[in-house]
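In case you want the letters, here they are:
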Amino acid sequence: MLTHITGVLNEPQLGAVRRLLDAGHFADGSESAGMAAQRVKHNQELALDDARHTELNNLVMGCLVRNPLYRSAAMPLKIATPYYARYTQGMSYGDHVDDPVMGDGPLYRSDVSVTIFLNNPAEYDGGELIINTTFGQQSVKLAAGDAVLYPSSSIHRVAEVTRGERLVAVSWIQSMVRNPEQRALLHELNQARETLLREQPDSEDTRRVNQSYINLVRMWSEV
Ligand code: NI
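The rules behind these values
Residues numbered from 1 in each chain as written. Predicted model: local features only at pLDDT ≥ 70, side-chain atom pairs only at ≥ 80, totals over all residues. Heavy atoms only, no water. Pairing = 2+ DSSP bridges. Helix = DSSP H or I, 4+ residues; strand = E, 2+ residues; numbered from the N terminus. Donors = N, O, S within 2.8 Å, 3.2 Å for Na, K, Ca; no water. Buried < 20%, exposed > 50% of the residue type's maximum accessible area, 1.4 Å probe, protein only. Expected span 1.5 Å × (residues − 1). Arc of directions from axis to C-beta. Contact = heavy atoms within 4.5 Å. Domains from an automatic or database assignment. Buried area = accessible area lost by both parts, 1.4 Å probe.

## A word on the sheet that holds strand 15 (residues 156-158)
Okay, so step 1: The antiparallel open sheet is built from five strands, whose spatial order is 3-7-15-12-13. The outermost strands of the open sheet, each flanked by one partner alone, are strand 3 (41-42) and strand 13 (136-140).
Okay, so step 2: Relative to strand 15, strand 7 (residues 92-96) is paired through two bridges, and the arrangement is antiparallel. If you follow H96 over to strand 15, its bridge partner there is H156.

In structure tokens form, the structure reads like this:
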């Protein structure tokens with residue numbers, strides 16, 4: 001399941017992110033890749049020792065973790081410190097699958113991958129995130145401030161940027177609900193539940209749906 005989340009960051013927040021990234025020091029992105037991915041990864045990442053990481057993480061991840069759609073779809077238990085990637089003309093990231101377990105120090109399993117688009121798609125040509133799903137390939141190129149969630153188990157790539165510059169933040173989530181089908185069902189049910197709680201707060205059906213959702217989360221979550 002792919003989940004498109006609009007407006008994770010607003011215009012002033014995107015402006016602040018852009019100022020930090022424009023002043024940042026970028027390094028060859030292949031240094032942070034696993035062995036198989038290293039061969040196909042051609043991008044740049046904000047250098048890990050760049051002090052701007054703290055402010056960027058507060059801004060970008062702060063907005064993401066407060067987003068209700070993100071919380072419902074990902075059911076996050078742990079989230080990784082993101083990478084801030086830059087693709088300029090000629091850069092791409094070929095087909096790969098993300099590492100299953102990550103972390104320096106505390107380890108986490110990657111269940112859900114997230115890409116947050118940090119600049120306007122009119123600023124570059126190419127640069128689509130192409131994800132292989134059970135329903136074929138999905139090509140994703142979103143407005144600045146939008147995010148996409150997708151299963152970390154899927155093969156995906158970033159098409160070559162043929163003009164301009166593509167800026168994204170990428171991170172990985174260990175979900176409380178490991179199974180993607182269970183997670184997708186819970187997200188669907190939760191959306192119906194929220195509508196019912198808003199529109200028919202006193203109905204007996206709302207109570208049943210709410211209780212079923214809560215107890216399914218209890219049944220399926222590992223924390
Ligand atoms: Ni990836």
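## Description of the coordination of the nickel ion
Okay, so step 1: At 2.1 to 2.2 Å from the nickel ion lie its protein donor atoms, namely H96 (NE2), D98 (OD) and H156 (NE2).
Okay, so step 2: Binding-site remark: the nickel ion is held by donors from one chain whose sequence spacing is H-x1-D-x57-H. In this pair, H96 sits in strand 7 while H156 sits in strand 15, placing the two residues 60 residues apart along the sequence.
Okay, so step 3: Residue H96 is classed as buried on the basis of its relative accessible area of 9%.
Okay, so step 4: Owing to a relative accessible area of 3%, H156 belongs among the buried residues under this scheme.

## What about the environment of G127?
Okay, so step 1: When you line up the elements, G127 lands in the loop between strand 11 (124-126) and strand 12 (129-133).
Okay, so step 2: The exposure class of G127 is buried, given its relative accessible area of 0%.

## What to know about helix 1 (residues 11-23)
Okay, so step 1: Look at helix 1: 19 Å from first C-alpha to last across 13 residues, which is about the 18 Å you get at 1.5 Å a residue.
Okay, so step 2: What helix 1 keeps buried is the set L14, V17, L20 and L21. All buried residues of helix 1 fall inside an arc of 125° around its axis, so they share one side. Facing away from the buried side of helix 1 by more than 90 degrees, the exposed set consists of E11, P12, R19 and D22.
Okay, so step 3: Considering only its buried residues, helix 1 is in contact with strand 2 (26-28), helix 3 (52-66), strand 6 (83-88), strand 10 (112-117) and strand 16 (161-175).

## Structural notes on the domain arrangement of the protein
Okay, so step 1: Domains assigned within the protein are domain 1 (3-175) and domain 2 (180-220).
Okay, so step 2: With centres defined by C-alpha atoms, the gap from domain 1 to domain 2 works out at 30 Å.
Okay, so step 3: Listed per partner, the contact involves nine residues of domain 1 and seven residues of domain 2.
Okay, so step 4: The largest contributions to the domain 1 side of the interface with domain 2 come from S72, A73 and M75, which together make up 62% of the buried area.
Okay, so step 5: It is helix 4 (residues 68-74) that contributes the most residues to the side of domain 1 that touches domain 2, four residues altogether.

## Notes on the pairing of strand 6
Okay, so step 1: Both strand 4 (residues 44-46) and strand 6 contribute to a ladder of two bridges, which runs antiparallel. Bridging from a neighbouring strand, E45 pairs with A85 of strand 6.
Okay, so step 2: Across six bridges, the pairing between strand 6 and strand 16 is antiparallel. By the bridge assignment for strand 16, Y83 is matched with V170.

## Describing the environment of L197
Okay, so step 1: Inspection of the secondary structure puts L197 in helix 5 (residues 180-199).
Okay, so step 2: Among the residues examined, L197 registers a relative accessible area of 36% and is labelled partly exposed.
Okay, so step 3: In this structure, the C-alpha to C-alpha distance between L197 and M1, residues 196 residues apart in sequence, is 25 Å.
Okay, so step 4: In this structure L197 touches T206 and N210, once residues within four positions along its chain are discounted.

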